[in-house]
Amino acid sequence: MLEKSTIANVWNEIVATFTDKPRDVKTAPKIKRKPKWFYVYSDGRDVYVRNAENHKESCVIKGNRRLDGVNANTVYELYLKRKAGVNTAQKENDITPNSTY
């Protein structure tokens, strides 16, 4: 498990990356499903996602969704559990509707 300070550093790196180079990225499904694309950019504080700009297999996102670092630690812990095969969908949805991104 990463320490909170390390997760904060990772979050800051994500913000910096998408501030400097916004772009389409794809989901990483755990089941046999085609990945969906979405566009990611940052204002230097938060990260935003919206429909892909350069890929037909886009997620369907209404407007821009803001992702902030407030829940980064909890979402990361749930990600590790999901990666280990635990169904965390309900907990993820309770925390944020944006956990896919």
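Use the structure listed above.
Residues numbered from 1 in each chain as written. Predicted model: local features only at pLDDT ≥ 70, side-chain atom pairs only at ≥ 80, totals over all residues. Heavy atoms only, no water.

Moving on, we come to the pairing of strand β2 (residues 37-42). Summarising burial for β2: six of the six residues are buried, a large majority. Two strands pair when backbone bridges link them, and strand β1 (residues 23-26) and β2 are joined in this way by four bridges, in the antiparallel orientation. The residue of β2 that forms the bridge with Lys26 is Trp37. For β2 and strand β3 (residues 47-51), the ladder comprises five bridges, and the chain directions are antiparallel. Within the sheet, the bridge partner assigned to Tyr39 lies in β3 and is Arg50. Two successive antiparallel strands, β2 and β3, enclose a turn made up of four residues, where Gly44 displays a positive phi of approximately 95°. (Buried < 20%, exposed > 50% of the residue type's maximum accessible area, 1.4 Å probe, protein only. Helix = DSSP H or I, 4+ residues; strand = E, 2+ residues; numbered from the N terminus. Pairing = 2+ DSSP bridges.)

Take the packing of aromatic side chains next. Pairs of aromatic rings are described using the distance from one ring centre to the other and the angle between the two planes. Within this structure, the stated rule accounts for three aromatic pairs. Measuring from ring centre to ring centre gives 6.0 Å for Tyr39 and Tyr41, while their planes differ by 35°; the resulting arrangement is tilted. Classification of Tyr39 as buried rests on a relative accessible area of 11%. Residues Tyr41 and Tyr48 carry aromatic rings whose centres are separated by 5.3 Å and whose planes lie at 15° to one another, so their mutual orientation is stacked. By relative accessible area, which is 16% here, Tyr48 ends up buried. In textbook terms, an aromatic cluster arises when at least three aromatic residues are bridged by ring pairs, as seen for Tyr39, Tyr41 and Tyr48. (Phe/Tyr/Trp six-rings, centres within 6.5 Å; stacked < 30°, edge-to-face > 60°.)

What follows deals with the sheet that holds β1. In spatial order, the strands read β1-β2-β3-β4; together these four strands make up an open sheet with antiparallel pairing. Two strands in the sheet have a free side with no partner beyond their single neighbour: β1 and β4 (65-67). For this sheet, the mean inter-axis angle between neighbouring strands, taken without regard to orientation, is 35°. Two elements, β3 and β4, share three bridges in a ladder whose sense is antiparallel. Its bridge partner lying in β4, Tyr48 is registered against Arg66. (Axes fitted to C-alpha atoms, helices over the stretch in contact; angles between N-to-C directions.)

Turning our eyes to something else, we now look at the pattern of salt bridges. In total, this model carries four salt bridges according to the counting rule given. In this structure, the salt-bridge partner of Arg45 is Asp46, at a minimum N-O distance of 3.8 Å. Residue Arg45 is classed as exposed on the basis of its relative accessible area of 61%. Judged by relative accessible area, Asp46 falls into the buried class, the value being 5%. Between Arg66 and Asp46 there is a salt bridge, with its nearest N and O atoms 3.4 Å apart. Of this pair, Arg66 sits in strand β4 while Asp46 sits in the loop between β2 and β3, placing them 20 residues apart in sequence. (Salt bridge = Lys/Arg side-chain N within 4 Å of Asp/Glu carboxyl O.)

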